[in-house]
Amino acid sequence: MKKLFFALCVLLLPLSIFAQAESENDGNSVTVYAYDVFTGEWGAGPELIPLFEEETGIKVNLITAGGATEMLSRVIAEGEGTEADVVLGISDDMADKAYDADIFAPYESKYLSEIDDELEFDKEHRLLPFDWGAYAFVFDTESGITPPGSLGDLTKSEYKDNLILVDPRTSDVGLGLLLWSHEVFGDEYLSWWKEVSKNALTIADGWSSAYGLFTEGEAPIVLSYTTSPVYHVMNENSTRYKALVFPEGHHGTIEGIGISKYAKNRENAEAFVDFILSEGQATMAVKNSMYPANGNTELPDAYEYAPLPEKLLRTTDEEMAAKDDMLDSWAEAMI
Amino acid sequence: MLLEIDGIRKSYKDFSLEASFSVEEGEFISILGPSGCGKSTLLALIAGLEKPDAGRVVLDGKEITGMEIQKRGIGIVFQSYALFENMSVGKNITYAMDKKKSGKEKKEGMLALLALVGLKGYEKRNVSSLSGGEAQRVALARSLAAEPRMLLLDEPLSALDAPMRRRLRGKIRDIHDRLGITIIHVTHDREEAYAVSDRMIVMNAGKIEGIGRAEEMYKRPDTPFLASFLGEGTFLSKKSVSEGDGYYFFRPESVLISENEGTDAGSTYLVLKNAKVMGIEFQGSSYSVKLNYNGEMVTALSNTRPRKEYVNLMIMRNFLNIF
Amino acid sequence: MIGGKAKIFYLKLSLFALLLLLFLFIIPLSMTLSRALTSAGDVFSSAYTYRVLSFTLFESFLSALISVLLSLPFAYFWSHHKFFMRSFVLSLSTLSFTIPSILVVLGFVIFYGRSGVLSDVLSQLLGREVKVKVLYSFFAIIFAHVYLNLPVAFNLIANGWEKIDPIYEESSYSLGRGKMRTFISVTLPMLKKEILSAFILIFFFCFTSFSIVLVLGGSPKFSTLEVEIYRRVHVSLELDEASAFALFNFLVTLVILLVSGKIGRMGREKRMAGGMAKLEKLEGKKKLVAIALVLLMLLFILPPLLSIPYRSLVDRNGEFSLSSWEKIFSRSQMSVSIVNSLLIALSAALFSAYLGETLALFSARTGSRIVPLFATLPLATGSATLGLGMNIVQRSLMPQSLVASYLMVTLMHLMITIPFSIRTILPGAALLGEEKTLSSYTLGKSYFTTFASIEHPLLSSYRRKAFLFAFALSLGEVNATMTLSSGKVTTLPVLLYNLIGSYDYQGASALGTVLLLLAFMVFFILGAGRKGKADVT
């Protein structure tokens, strides 16, 4: 019994300590829902939030619910009752769900003028682009094999077991490749997948394990982003890994930020969005390993190693609508 | 009368038990029977470990049939000892004592009980360091510490070797005599039952076959089962002697071997003439002799080794049981 | 066996745990399942669903079977002999539970990969290039599952085997039965409860596994049902369909649990609580066997585990560097997450062990088979479904606060670990019930006194084992923590995922090493604490 009491104390101790830290902050604040990429210890959040708070005097209440999809499903489920003023991290590939649920209110930020029109995936400006990236195959230059020149090349027998892919059912990156293949091969995309999967050493559950396998040297080609080499240049001073640019184009993904229709602090929310679209751009890009949406952003030199795709392929509305069916067909064909 | 078992019944899928009997204050009763006869179940019903389907258990004139185990005041010693390994020998015993007793009373009582079972100086010992015999005695002392109205012993000695069994059964009887406590003791070993008990209850296949004093039941068994279960003996068909249906039953020691021809003992003895000696087994103080009489096997116990191949057998009619 | 009042006592004793489980499991599940009906038809009638299901069943069955079979010789040797490192190896084997699955995958790749340590060593030895081909195959899935789960079978079965009175085996030998015959017809039936428990736990652990299946399997042909649920919750955001899959998963699980319950009922085993296997000191040849088995076990457990500290210190060019350690310890979040991880794991594991004990006792005393089955459901339902449901509960019932976040995370960990606790403690509770508990009753002691002075202390070794499992599981848990904490509770695995998200695998390995060290420390303290006590039952 004594031990049980002790156990109770152990459980309640942290609660009581942190309960005090839980102060009322309904004064001048803004509640931001963000995906874990932003809020994580090594994300842009821990750097940008204090800066924003200092500059504006607005307290940021940062909440994360895991990845972008979990966050979106949470905002949708909360509906009118949501505490979110701002939601950060919804990509164009999943935006349709947000539009359907009608949870964002348009915002005509003054910084939209500095953003390339092509990136404004929501013409109604419910979601505003803050960064973008392009899926690409990253290549290990020390592997001694010839780099492939196109998606089609990847099916060549010389790349047998030299390729690490990502499963579209369990990862956004994998889903990106599925869309990319559809944009390049049209209705033939599944036969490309059947061929290329023969060459794949494995089709990992997520980008994290795929890239981990790649850097462990399991295979010299991995599905990732054009921006991936930047990390290795900046942190390891290494140019060993190169992103391959294919002439047929690359599927792009654009990440957006939006203000909730039910925001209680609309003005503060606008200030936060503006901050992310201007001052926050460089940090966002570097930390997320993406390109900034705002064209006036100054980037570190290492971005020279993040080649811009010659052609950016974008998800069409039909594709967006057919996405779930494409996944089903993919699963049917592959399994 | 201390305990009365009145028409108690318990049924399982492939077995059912039925019993009625009573136990006097201070008695030492053995329940004897082959394994699977239901004797342990009977004990469990008395102690309240199992609930009967029908019938009553009455202790001290009070019905306790549905009463909780704790409130019955019936102690039980299991075959496996069931000592608590998280406590020392001494703790095992004091645990069983009344909570209201003072620490000093408990300690004194515990030491006295250990002395009673012959384990002086064992109080600090770890129970897992005890031998089987020692553990059994600690279990006994622990049961006594709770000051029960009566004590149930479930095959208490069956896990021990033969010399230890003999020593310990004397000890248990000794403790019974000194404390005057009522004991019901379950065993499948008839020698053990003969040695310790005042009365025996013999069970077979869920029913009581007989109740009585050991000698009485040995010499005058009421049923063929009792006859064969309680000791060696010969079933001889009546047909082989004279006329009629049924069997004679007699113990080997009731048979006299006569090597004189023309033995005639009149009405005191039943005489079986010309039995052929088939085998002789030397047993120390006597010889066990196997004989063939008119094609039936007879066993006799003799102080001398028979010399002739054909002998006459004389059985005192007083010791002859007829079924 | 015992009367109604005793049953009521055990019901009261476990009431808290029962209600908690009900709250934690039934409510979120029903919230999830209530959305299932709209798309249930499509999911239930698709051939694809059944294709995936049959692979899931096959893979789980094989993993559980092999884990159990492989663990038998080790469990036998460990439960019958006393030797150096005996309990150390037993505890050590649980460590693999501590590492989040992505690091398990990485550990496997670092050691067994095509350019892994093993390939390097073999290349050096043989003087030519060797690429070990173990991974990216069906074999690799089973290998990794067995790797993760062998400790469960090993610990549970060794624990049970220790308690079998050698008298049964000896009497079988004396009847002229050989070792094998005796093992199959005497020992195995008495170990049935432990074997079945281990089998069920492992089966469902593998039933909901998907990272290992996808990455190490190397082909989407190898997919589990959990992949489909995960896809709809985390990628395509089709919650109705996800719920339909969850419902399907739940029904399959229920059927399997009920069947296993039936198997468990057939022929109740009898086992004396009196004797137990004497731990034999080793001499001569057996000493060599012991050394060989310990080495074999270490060789099995250690390589993927040690790959993680190795990677944290040696970069991919083979150069030694402490930079990743400097990086993680320069963060203020580091100490906070160590404290968080420890606090959450300790409280979840303590509660799990204590509540698991009350539930195990309730189940053993009332003969209820439903409780352990019911408590296995959270494990079998999978974290994707549960996380979804819990999130709904959290939003509708709890205010958004730090306290709520801590509470939800700890409770979720409690629920994930409780099946392990119950099944670890259950054999002990059943064993005690035979005669010790009844003895105490006949001494006039109340149910509570008997529980507090006899059952509870005598179950301490079982509880300790349950605690270790729960602690290790909770320490490495990441999905539930991320989903339920709203980012307010940072634990080491959360930090670890953040690092991987920003390309830093070496830093993640350093964090993984910290996790291992923490678990190791706790195991060591617990191991040292038990020496003073008499071993029980």
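For the structure, check the block above.
Just so it is clear, the structure is predicted and the values come from calculations on it, not from any experiment.

What counts, and where the lines are drawn
Residues numbered from 1 in each chain as written. Chains lettered and ligands numbered in written order. Predicted model: local features only at pLDDT ≥ 70, side-chain atom pairs only at ≥ 80, totals over all residues. Heavy atoms only, no water. Helix = DSSP H or I, 4+ residues; strand = E, 2+ residues; numbered from the N terminus. Rg over C-alpha atoms; globule rule 2.2 N^0.38 Å. Buried < 20%, exposed > 50% of the residue type's maximum accessible area, 1.4 Å probe, protein only. Areas by Shrake-Rupley, 256 points an atom, 1.4 Å probe, with all protein chains shown as cover. Contact = heavy atoms within 4.5 Å. Buried area = accessible area lost by both parts, 1.4 Å probe. Salt bridge = Lys/Arg side-chain N within 4 Å of Asp/Glu carboxyl O. Polar contact = N/O pair within 3.5 Å; in protein donor to acceptor, adjacent residues only side chain to side chain. Pairing = 2+ DSSP bridges. Axes fitted to C-alpha atoms, helices over the stretch in contact; angles between N-to-C directions. Nonpolar A, V, L, I, M, F, W, Y, C, P; charged D, E, K, R; others polar. Core = buried A, V, L, I, M, F, W, Y, C linked by side-chain atoms within 4.5 Å. Phe/Tyr/Trp six-rings, centres within 6.5 Å; stacked < 30°, edge-to-face > 60°. Lys NZ or Arg CZ within 6 Å of the ring centre and 35° of its normal. Parallel < 35°, antiparallel > 145°, perpendicular 65-115°, else oblique.

Novice: Would you take a moment to explain the overall build of chain C for this structure?
Specialist: When its secondary structure is counted, chain C shows 24 helices and two strands. Over its C-alpha trace chain C gives a radius of gyration of 23 Å, about what one expects of a compact globule, namely 24 Å for 537 residues. Along the first, second and third principal axes, the C-alpha atoms of chain C reach 65 × 60 × 50 Å. Expressed as a percentage of the 537 residues in chain C, the buried residues total 65%.

Novice: Help me understand the overall build of chain B, please; the structure alone is not making it clear to me.
Specialist: Secondary structure assignment for chain B yields nine helices and 18 strands. Out of the 323 residues belonging to chain B, those deemed buried represent 51%. Looking at chain B as shown, the accessible area adds up to about 15000 Å², and 47% of this sits on carbon and sulfur atoms.

Novice: In this structure, what is going on with the interface of chain B and chain C? I would like to understand it.
Specialist: How big an interface is tends to be stated in terms of accessible area lost as the parts join. Between chain B and chain C, the residue contacts involve 23 residues of the former and 25 residues of the latter. Carbon and sulfur atoms make up 60% of the area that chain B and chain C hide from each other, which totals about 2200 Å². When the buried area of chain B at its contact with chain C is split by residue, B:Gln70, B:Glu85 and B:Tyr95 rank highest and sum to 29% of it. One can count one salt bridge joining chain B with chain C. Residue C:Lys436 is joined to B:Glu85 by a salt bridge in which the shortest nitrogen-to-oxygen separation is 3.4 Å. Joining chain B to chain C, the criterion identifies eight residue pairs in polar contact (both at pLDDT 80 or more). Listing elements by their share of the side of chain B that touches chain C, those giving two or more residues are helix H2 (69–72), strand E6 (74–77) and helix H5 (132–145) of chain B.

Novice: I keep staring at the side chain of C:Asn149 and nothing clicks. Help me out?
Specialist: Residues and elements named next belong to chain C. Along the chain, Asn-149 turns up in helix H7 (residues 138–161). In this structure Asn-149 comes out as buried when scored by relative accessible area, which is 1%. Reaching out from Asn-149, the side chain makes a polar contact with the backbone oxygen of His-145 at a distance of 2.9 Å. When near neighbours in sequence (up to four residues on either side) are disregarded, Asn-149 contacts Ser-67, Phe-97, Ile-202, Phe-205 and Cys-206.

Novice: It is not clear to me how the sheet that holds strand E14 (residues 269–282) of chain B should be interpreted in this structure. Could you clarify?
Specialist: Consider a sheet: its strands pair through backbone hydrogen bonds, and that pairing is either parallel or antiparallel. Residue and element names in this part refer to chain B. The strand order E13-E17-E14-E15-E16 describes an open sheet built from five strands, whose pairing is antiparallel. Looking at strand neighbours, the two that pair on one side only are strand E13 (255–258) and strand E16 (296–302), the edges of this open sheet. For this sheet the average axis-to-axis angle between neighbouring strands, irrespective of direction, equals 45°. Two strands pair when backbone bridges link them, and E14 and strand E17 (residues 310–316) are joined in this way by six bridges, in the antiparallel orientation. The partner of Leu-270 across the bridge, within E17, is Ile-315.

Novice: Would you explain the pattern of salt bridges in this entry?
Specialist: If the charged atoms of two oppositely charged side chains come close together, the side chains can form a pair. Applying the stated criterion to the full structure yields 44 salt bridges over all chains. A salt bridge links A:Arg240 to A:Asp140; the shortest N-O distance between them is 2.9 Å. Placement of A:Arg240 in the loop between helix H9 (229–236) and strand E9 (241–244) and of A:Asp140 in strand E5 (residues 127–140) is noted, with a sequence separation of 100 residues between them. Pair check on accessibility: A:Arg240 and A:Asp140 agree, each one buried. In this structure, B:Arg169 engages B:Glu191 in a salt bridge whose closest nitrogen and oxygen atoms are separated by 3.8 Å. Of this pair, B:Arg169 sits in helix H6 (residues 162–179) while B:Glu191 sits in helix H7 (residues 190–196), placing them 22 residues apart in sequence. Overall, B:Glu191 belongs to the partly exposed group, its relative accessible area being 48%. Three or more residues joined by partner-sharing salt bridges are found here, namely A:Asp167, A:Arg169, A:Asp328, C:Glu228, C:Arg231, C:Arg232, C:Glu238 and C:Glu241.

Novice: Sorry, what's going on with the interface of chain A and chain C here?
Specialist: If you look at the interface, chain A gives 74 residues, while chain C gives 70 residues. Ranking the residues of chain A by area buried against chain C places A:Trp42, A:Arg169 and A:Glu216 at the top, with a combined share of 13%. In this assembly, chain A and chain C are joined by five salt bridges. C:Arg232 is paired through a salt bridge with A:Asp328; the nearest N and O atoms lie 3.6 Å apart. Along the contact surface separating chain A from chain C lie 21 residue pairs in polar contact (both at pLDDT 80 or more). Tallying contributions element by element places helix H1 (residues 2–21) of chain A first for the side of chain A that touches chain C, with eleven residues. Counted by class, the side of chain A that touches chain C contains 35 nonpolar, 18 polar and 21 charged residues.

Novice: Quick question: what am I supposed to make of unusual backbone geometry here?
Specialist: With the exception of glycine, most residues fall at negative phi, and the peptide bonds are largely trans. One non-glycine residue, A:Asp102, adopts positive backbone phi at about 50°. Structurally, A:Asp102 can be placed in the loop between helix H5 (95–101) and strand E4 (104–105).

Novice: Got a minute to help me understand the nonpolar core in this structure?
Specialist: As a rule of thumb, soluble globular proteins bury nonpolar side chains together. Of all hydrophobic cores here, the largest spans 300 residues; its most connected members are A:Phe137, A:Trp193 and C:Trp78. The element that contributes the greatest number of residues to this core is helix H19 (residues 402–442) of chain C, accounting for 19 residues.

Novice: It is not clear to me how the environment of A:Ser150 should be interpreted in this structure. Could you clarify?
Specialist: Residues and elements named next belong to chain A. Within the secondary structure, Ser-150 sits in the loop between E5 and strand E6 (163–166). Along the sequence, Ser-150 and Lys-198 sit 48 residues apart, while their C-alpha atoms lie 17 Å from each other. The contact partners of Ser-150, leaving out residues within four places of it in the chain, are Phe-246 and Glu-248.

Novice: What exactly am I supposed to notice about the packing of aromatic side chains here?
Specialist: A ring pair, where both rings are aromatic, is described by two values, the distance of the centres and the angle of the planes. With the rule as written, the count across this model stands at 59 aromatic pairs over all chains. With a centroid separation of 6.0 Å and 15° between ring planes, the pair formed by C:Phe467 and C:Phe471 is classed as stacked. Residue C:Phe467 and its partner C:Phe471 are located together in helix H21 (residues 460–476), separated by four residues, close to a single helical turn. Assigned by exposure class, C:Phe467 and C:Phe471 land together as buried. Taken together, C:Phe108, C:Phe111, C:Tyr112, C:Phe139, C:Phe143, C:Tyr147 and C:Phe300 form an aromatic cluster joined through their ring pairs. In this arrangement the basic side chain of B:Arg142 is found over the ring face of B:Phe84, its NZ or CZ atom lying 4.3 Å from the centre.

Novice: So what exactly am I meant to see when it comes to the sheet that holds strand E5 (residues 62–63) of chain B here?
Specialist: All names here are of chain B. On the basis of which strands lie adjacent, the open sheet formed by four strands has the order E2-E1-E4-E5 and antiparallel pairing. Edge strands, defined here as strands with exactly one partner in the open sheet, are strand E2 (16–23) and E5. Pairing analysis gives five bridges linking strand E1 (residues 3–11) to strand E4 (residues 54–59), with the strands arranged antiparallel. In the strand pairing of E4, Ile-5 is matched with Val-57.

Novice: Help me understand the arrangement of the chains, please; the structure alone is not making it clear to me.
Specialist: Considering every one of the two pairs of chains in contact, the largest contact total is recorded for chains A and C. Chain A makes no contact with chain B; the smallest distance between any of their C-alpha atoms is 17 Å.

Novice: I would appreciate a short explanation of the packing of helix H5 (residues 101–112) of chain C against helix H23 (residues 492–501) of chain C in the present structure.
Specialist: Helix packing geometry: the angle between the two helix axes and the distance between the axes. Residue and element names in this part refer to chain C. It is the contact of H5 with H23, at a shortest axis distance of 10 Å, that shows an interaxial angle of 60°. Classified by the angle between their axes, H5 and H23 sit oblique to one another. Mapping the contact onto sequence places Ser-101, Ile-102 and Leu-103 in H5 and Leu-496, Tyr-497 and Ile-500 in H23.

Novice: Looking at this model, I keep getting lost on the packing of helix H16 (residues 332–366) of chain C against helix H20 (residues 447–458) of chain C. Mind explaining?
Specialist: All names here are of chain C. At a minimum axis distance of 12 Å, the contact between H16 and H20 shows a crossing angle of 100°. In this view, H16 runs roughly perpendicular relative to H20, as classed from their interaxial angle. Contacts between H16 and H20 pair Tyr-354, Glu-357, Leu-361 and Arg-365 from the former with Phe-451, Glu-455 and His-456 from the latter. Residues of the contact of H16 with H20, tallied by class, amount to three nonpolar, one polar and three charged.

Novice: Just checking my understanding: could you explain the environment of C:Ser307 for this structure?
Specialist: Residue and element names in this part refer to chain C. Within the secondary structure layout, Ser-307 lies in helix H14 (residues 285–313). Taking C-alpha positions, Ser-307 is 28 Å from Phe-77, a pair spaced 230 residues apart along the chain. Beyond its immediate sequence surroundings of up to four residues, Ser-307 is in contact with Gly-107, Ile-110 and Phe-111.

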